Amino acid sequence: MKKYIVKLKANEREKLWSFIKDPKTAFQKAQRARILLKSDQSRDKKWMTDEEIARALDINVVTVERTRKKCVKEGFESCLYNAKRSKPVYNLKVDGELEAQIVMLACSEVPQGRSRWTLRLIADQLVELDLVESIDRETVRKTLKKTNLSLGRKSSGA
């Protein structure tokens, strides 16, 4: 038995049909509209199972299930339009302040016995200065790349 049952109103069905018929509608939106129309259980007409919808639209059953779930939980409109996330999927370790510290460190004098800064050396120095608990050299690399700073050049532009 389906947990999330889609029951569309007449005006919602009309909007879905207009979405499908409009040539300017993005394929993904039109596909979601087709899924919702085929899984609609508000009328006496026989509705299709998830497997039948998936076969008819040449998509995965999980896509059908997710679309139905989003329609029931978040509403008809949010199902058609991609909503922006309120917060990022991952926590950013490097904020503006730490980014400035990384750049400042990379532009500073090289430690005694070294010819240049390495990514690992910068990461270790950040931990040593107690600016972060831990940081990966790849994070340092991405930060320096974002600021167009190269450790290989003699003049770093500063």
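Scroll up to find the structure.
Residues numbered from 1 in each chain as written. Predicted model: local features only at pLDDT ≥ 70, side-chain atom pairs only at ≥ 80, totals over all residues. Heavy atoms only, no water.

Focus on the environment of L37
And then number 1: In this fold, L37 is placed in helix α2 (residues 27-39).
And then number 2: Assessed through its relative accessible area of 10%, L37 is described here as buried.
And then number 3: Taking the C-alpha atoms as reference, L37 lies 7.3 Å from L16; in sequence the two are 21 residues apart.
And then number 4: Look past the residues within four positions of L37 in its chain and what remains in contact with it is L8, R13, L16, W17, I20 and R43. (Helix = DSSP H or I, 4+ residues; strand = E, 2+ residues; numbered from the N terminus. Buried < 20%, exposed > 50% of the residue type's maximum accessible area, 1.4 Å probe, protein only. Contact = heavy atoms within 4.5 Å.)

Structural notes on α2
Structural remark: α-helix, 3.6 residues per turn; residues separated by three or four positions point the same way.
And then number 1: With 13 residues, α2 should reach 18 Å at 1.5 Å per residue; the first-to-last C-alpha distance of 18 Å fits that figure.
And then number 2: Listing the buried residues of α2 in full gives A30, Q31, R32, A33, I35, L36, L37 and S39.
And then number 3: Tucked into the core, α2 has its buried residues touching α1 (10-21), α3 (50-57), α4 (61-74) and α5 (76-80). (Expected span 1.5 Å × (residues − 1).)

Focus on the side chain of R68
And then number 1: Relative to the elements of secondary structure, R68 occurs in helix α4.
And then number 2: Judged by relative accessible area, which is 5%, R68 ranks as buried.

Considering the side chain of T143
And then number 1: With respect to the secondary-structure elements, T143 resides in helix α8 (residues 137-146).
And then number 2: A polar contact of 2.8 Å, which involves the side chain of T143, links it to the backbone oxygen of T139.
And then number 3: With residues near it in sequence (within four places) discarded, T143 still touches V94, E99 and I102. (Polar contact = N/O pair within 3.5 Å; in protein donor to acceptor, adjacent residues only side chain to side chain.)

Things to note about the pattern of salt bridges
And then number 1: In the structure shown here, the tally under the stated rule is 5 salt bridges.
And then number 2: Between D40 and R13 there is a salt bridge; the shortest N-O distance is 3.0 Å. Note that D40 is positioned in the loop between α2 and α3 and R13 in helix α1, a separation of 27 residues in sequence. Per residue, the accessibility class of D40 equals that of R13, and both read buried.
And then number 3: Its salt-bridge partner being E138, residue R141 comes within 2.6 Å of it at the nearest N-O pair. One end of the pair, R141, and the other, E138, are both in helix α8, 3 residues apart, so they sit about a helical turn from each other. (Salt bridge = Lys/Arg side-chain N within 4 Å of Asp/Glu carboxyl O.)

Notes on the nonpolar core
And then number 1: Grouped together as the largest cluster of nonpolar side chains are 15 residues, with contacts concentrated most on L98, I102, I122, L126, I135, V140 and L144.
And then number 2: When residues of this core are assigned to their parent elements, the largest contribution, 5 residues, is made by helix α7 (residues 119-128). (Core = buried A, V, L, I, M, F, W, Y, C linked by side-chain atoms within 4.5 Å.)

Observations regarding unusual backbone geometry
And then number 1: Despite not being glycine, D58 has its phi angle at roughly 60°, a positive value.
And then number 2: Along the chain, D58 falls in the loop between α3 and α4.
And then number 3: Notably, D130 is not glycine yet its phi reads approximately 65°, a positive angle.
And then number 4: Looking at the element boundaries, D130 is found in the loop between α7 and α8.
And then number 5: Residue class for D130 comes out exposed when judged on its relative accessible area of 66%.

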